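Each chain, letter by letter, is given below.
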Amino acid sequence: MKVQVNDEYSKLKKVVVASAAYYDPTSLVLNNETIKHYVEKENIPKKEIMLEEQKSFGTL
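Since the model is a prediction, treat every value here as computed from it, not as a measurement.

## Topic: the overall build of the chain
Secondary structure summary: the chain contains 2 helices and 0 strands in total. Taking 2.2 N^0.38 as the reference for a compact globule, 60 residues should give roughly 10 Å; the C-alpha atoms of the chain span a radius of gyration of 14 Å, well beyond that estimate. In terms of overall dimensions, the chain has a C-alpha envelope of 35 × 25 × 20 Å along the principal axes. Going through the 60 residues of the chain one by one, you find that 7% of them count as buried. In the form shown here, the chain has an accessible surface area of approximately 6,000 Å², with 54% of it arising from carbon and sulfur atoms. Here the chain holds 9 positive side-chain charges and 9 negative ones, and the gap between their average locations is 9 Å.

Written out as structure tokens, the structure reads:
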């Protein structure tokens, strides 16, 4: 797979998204800065909400 990123402002042309069906809130990787943010705010994403959002994007 070839990935080329020229800058942080250009519009994304393609995105790879994993299904939220694989999300397990009991095994979060705390060295991930995004997850760390949610854990600190005690607002860990809920799997059911993530699945609903993905349905609206047509990814499932």
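From this point, the discussion proceeds with the structure in view.
## Things to note about the environment of Lys-36
Relative to the elements of secondary structure, Lys-36 occurs in helix H1 (residues 33-40). Side-chain polar atoms of Lys-36 contact the side chain of Glu-33, separated by 3.1 Å.

## Considerations on the pattern of salt bridges
A full pass over the atoms with the stated rule returns 2 salt bridges. The partner of Glu-52 in a salt bridge is Lys-55, with the nearest N and O atoms 3.6 Å apart. In this pair, Glu-52 and Lys-55 are both assigned in helix H2 (residues 47-57), 3 residues apart and thus about one turn of the helix distant.

## Concerning the environment of Gln-54
Here Gln-54 shows up in helix H2. On the basis of relative accessibility, which here comes to 10%, the residue Gln-54 falls in the buried class. Here the alpha-carbon distance between Gln-54 and Asn-31, two residues 23 residues apart in the chain, equals 25 Å. Among the polar contacts listed, one links the side chain of Gln-54 to the backbone nitrogen of Ala-20, at a separation of 2.9 Å.

## Some details on unusual backbone geometry
Located in the positive-phi region is Glu-42, a residue other than glycine, with phi close to 55°. For Glu-42, the location among the structural elements is in the loop between H1 and H2.

Rules of the game
Residues numbered from 1 in each chain as written. Predicted model: local features only at pLDDT ≥ 70, side-chain atom pairs only at ≥ 80, totals over all residues. Heavy atoms only, no water. Helix = DSSP H or I, 4+ residues; strand = E, 2+ residues; numbered from the N terminus. Rg over C-alpha atoms; globule rule 2.2 N^0.38 Å. Buried < 20%, exposed > 50% of the residue type's maximum accessible area, 1.4 Å probe, protein only. Areas by Shrake-Rupley, 256 points an atom, 1.4 Å probe, with all protein chains shown as cover. Lys, Arg positive; Asp, Glu negative; His and termini not counted. Charge placed at Lys NZ, Arg CZ, Asp CG, Glu CD. Polar contact = N/O pair within 3.5 Å; in protein donor to acceptor, adjacent residues only side chain to side chain. Salt bridge = Lys/Arg side-chain N within 4 Å of Asp/Glu carboxyl O.

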